[in-house]
Amino acid sequence: MKKLFSLASLPPFLRDNILRWITVFISLLSILSLVISFLYSNVLGFTLLIVICLALAFIFNGMNKLSEDRDNYISNLSYRIHRGEQETLLEMPVGVLMLSKAGNIEWVNPYLQPYFGDADLLGNPVSVVSPELSEILDKYWEDENPQVIEWKNHYFNLLIQKEYNTIYVMDITRYFNIEKNYNDEKIAIGQIFLDNYDEITQSMTDQNISNLNNYVTNELSTWAKEFGFFIKQVDEDHHILFAYSKTLKEIEDDKFQILDKIRESTSKQNFPLTLSIGIAYGDDNLNSLADQAQKDLDLALGRGGDQVVVKSKDKEARFYGGKTNPMEKRTRVRARMISQALQELINESDQVFVQGHSHPDMDSLGACLGIHRIASMNGKPCKMIVNEEGLHSDVQRLIGKMRSKDELKDDLISPEEGLQKATDNTLLIMVDHSKPSMSCSKEIYERLENKVMIIDHHRRGEEFPENPVLVYIEPYASSTCELITEMFEYQSQDAEPISKLEATAMLTGIFVDTKSFSLRTGTRTFDAASYLRSAGADSEEMQAFMQENPDDYMARTHLISMTKFIDEKHTLAVICGEDETVYDPVTAAQAADSLLNISGVNASFVITHRPDKKVGISARSNGSVNVQRVMETLGGGGHLSSGATQIKDKTIKEVEKMLVNAINNVEKEENI
């Protein structure tokens with residue numbers, strides 16, 4: 001009975017739930033009509049019975065045919081879809097590779113088969129069939145996003161479905177080459193500047209100047225011809241270049257050897273000339289490229305010249321060269337111009353704020369005192385922003401002396417007081433640093449960022465105030481105190497001169513930064529020191545400022561006792577402090593300085609925990625190792641022979657590994 005009345009035994013259309021209910025409804029309606037008809041008349045009832053039978057037969061036959069047609073359509077469609085799936089897997093222009101759980105090849109579609117050649121695929125692991133493809137799959141196995149890979153001299157889009165052990169690849173070689181050609185043919189614009197052309201040619205005869213011009217022009221033209229780009233002289237000390245991005249890459253691979261060639265050749269002729277180059281690429285707008293190229297040149301000059309800055313829009317700059325210390329400028333023309341511009345800015349402001357970097361040293365605080373005196377000479381109030389937490393002993397002594405002076409104690413304020421007293425017409429002068437993130441108070445910088453001046457002797461980095469009103473960065477200078485000391489002779493002679501304490505503090509800043517006049521010292525350094533000495537700088541008080549307390553001395557000695565070398569020749573010395581011990585940054589810097597006194601040591605690095613819960617690196621060099629580039633790789637900066645950086649959320653061991661990798665990378669790039 002169950003089999004008799006099962007759905008399989010019913011007509012096709014009655015197997016459909018909807019049609020079945022329609023049939024029941026029509027049948028019930030027909031029976032009701034017949035009953036009513038027979039109640040009125042037998043003739044009417046028989047007539048209606050015949051009509052209903054014919055109608056039901058027609059309807060049931062039609063519904064049965066409709067159901068069969070629908071079933072046939074669905075069956076045919078399912079077949080076509082299934083057949084299409086099979087044909088697609090076999091004929092679509094996408095390679096499909098299916099692996100077993102053990103990693104062996106189970107199936108490869110015909111599109112991908114030719115790339116394996118005659119290799120026996122089924123049942124073999126990918127590493128046996130194609131080691132190159134196996135390495136690629138291992139690299140991207142956990143990545144769910146499509147990747148562009150190179151395999152068998154072709155480029156593919158790779159997509160891995162690891163849950164199904166299935167790999168899809170599409171050959172995009174043609175489109176990749178089109179895109180590559182498009183990117184290779186983008187225009188790059190460069191600015192070339194002869195750093196010290198004016199100074200060198202001042203003492204040269206016309207014939208020697210002509211010979212020098214011809215030499216530089218010929219060398220640059222030969223360089224342009226070698227790599228296939230266009231170069232044009234704009235002025236005696238200024239050239240412009242146009243190149244394709246592909247050509248720019250070839251020049252970068254050559255590490256801009258033109259810098260070394262011109263510097264070394266002119267040095268042999270006793271006319272040491274250096275180049276600075278700024279190059280921009282990656283933008284379709286030529287005006288934007290030209291503006292970026294000028295900014296890159298400014299950055300190269302701000303870092304001391306003799307180097308190249310290459311930068312694309314919204315990407316990090318790449319640096320080349322910078323292997324030599326900046327040469328001292330023989331004239332003070334720029335110092336006079338900056339001094340006059342500073343006077344105008346001070347006179348236009350209602351007050352002056354000056355701040356050094358966080359954890360200030362003697363150069364930073366001495367520079368603040370120098371600016372305070374210049375503002376006073378121009379009749380404007382000046383506030384020195386100092387955060388007195390975690391200061392080194394020498395800076396603490398100086399601040400104690402400042403607080404004992406009636407004319408200074410009220411002008412030494414905290415960052416919180418500075419924010420309260422700042423106005424829209426306040427001039428902020430950043431001394432001994434140019435990175436806002438390093439400022440004593442970043443909040444004050446953000447409050448006054450539209451009226452900021454920078455005075456610094458460190459090489460300029462990528463992080464830089466967006467719109468400073470005046471910039472005085474001279475990497476050749478020994479210290480910021482030297483730069484500010486030179487400005488005093490261009491101030492009003494009727495104003496009150498520099499005080500004994502200010503002169504002593506600034507001379508101490510020069511003395512500390514030059515390591516007792518042994519590093520980065522030029523004739524202008526001694527001129528500045530001589531001026532400060534004649535202004536009353538007290539050498540005994542200097543020694544008192546620089547005296548270490550016993551704890552700092554013992555900490556420095558303890559650090560030096562942990563010295564180790566990270567190269568076979570014992571030229572790179574590293575000190576790693578303990579994870580549980582916090583060291584003063586000045587103590588770490590002094591330890592790094594001390595290591596350079598060891599015979600054979602070319603560079604030293606001291607890694608310690610800082611009071612701000614960061615891990616700091618103090619780096620020093622005798623000039624043969626570019627520690628600035630090493631520190632920049634780790635987010636810091638400095639000079640060729642002096643640098644530092646701070647790193648968050650890392651242990652001493654992790655930072656040591658990062659440092660070693662950075663040193664190796666810079667060695668590969670610059671062959672230091």
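Scroll up a little and you will see the structure.
Note that this is a predicted model, so its numbers are computed, not measured.

(A) Summary view of helix α4 (residues 131-140). Those residues of α4 that sit buried are Leu133, Ser134, Ile136, Leu137 and Tyr140. End-on, the buried residues of α4 take up no more than an arc of 160°, which puts them together on one face. Opposite its buried face, α4 presents the exposed residues Glu135, Asp138 and Lys139, each directed more than 90 degrees away. Turning to α4, the residues buried within the fold contact β1 (95-99), α3 (126-129), β3 (147-151), β4 (154-161) and β5 (166-171).

(B) How the structure looks around the environment of proline 93. On the secondary structure map, proline 93 appears in the loop between α2 (42-91) and β1. Take proline 93: its relative accessible area is 53%, and that puts it in the exposed class. Taking the C-alpha atoms as reference points, proline 93 and asparagine 109, 16 residues apart in sequence, are found 9.9 Å from one another. Setting aside residues up to four positions removed in sequence, proline 93 forms contacts with Tyr111 and Met170.

(C) Molecular detail of the sheet that holds strand β2 (residues 105-108). Across the sheet, five strands lie side by side as β2-β1-β5-β4-β3; this open sheet has antiparallel pairing. Taken across any chain shown, the strands that pair with only one partner, and hence form the sheet edges, are β2 and β3. Pairs of neighbouring strands in the sheet enclose a mean axial angle of 30°, with direction left out of account. Here three bridges tie β1 to β2, and the two strands are oriented antiparallel to one another. Bridge pairing in β2 links leucine 99 to isoleucine 105. The sheet contacts of α4 involve β1, β3, β4 and β5, and relative to β3 the element is tilted by about 165°. This element, helix α5 (residues 173-184), spans β3, β4 and β5 of the sheet and lies at about 115° to β4.

(D) The nonpolar core, seen in detail. Counting residues in hydrophobic clusters, the biggest one holds 55 residues, and the most contacted among them are Ile429 and Ile455. No other element matches the nine residues that helix α12 (residues 362-377) contributes to this core. Formed by 32 residues, the second largest nonpolar core is a distinct cluster that contains Ala188, Ala224, Leu241 and Ile251.

(E) Representation of the side chain of glutamine 628 within the structure. With respect to the helices and strands, the residue glutamine 628 is situated in helix α23 (residues 627-633). On the accessibility criterion, glutamine 628 (0% relative accessible area) is buried. Among residues more than four places away in sequence, those in contact with glutamine 628 are Arg303, Arg459, Gly637, Gly638, His639 and Leu640.

Cut-offs applied
- Residues numbered from 1 in each chain as written.
- Predicted model: local features only at pLDDT ≥ 70, side-chain atom pairs only at ≥ 80, totals over all residues.
- Heavy atoms only, no water.
- Buried < 20%, exposed > 50% of the residue type's maximum accessible area, 1.4 Å probe, protein only.
- Helix = DSSP H or I, 4+ residues; strand = E, 2+ residues; numbered from the N terminus.
- Arc of directions from axis to C-beta.
- Contact = heavy atoms within 4.5 Å.
- Pairing = 2+ DSSP bridges.
- Axes fitted to C-alpha atoms, helices over the stretch in contact; angles between N-to-C directions.
- Core = buried A, V, L, I, M, F, W, Y, C linked by side-chain atoms within 4.5 Å.

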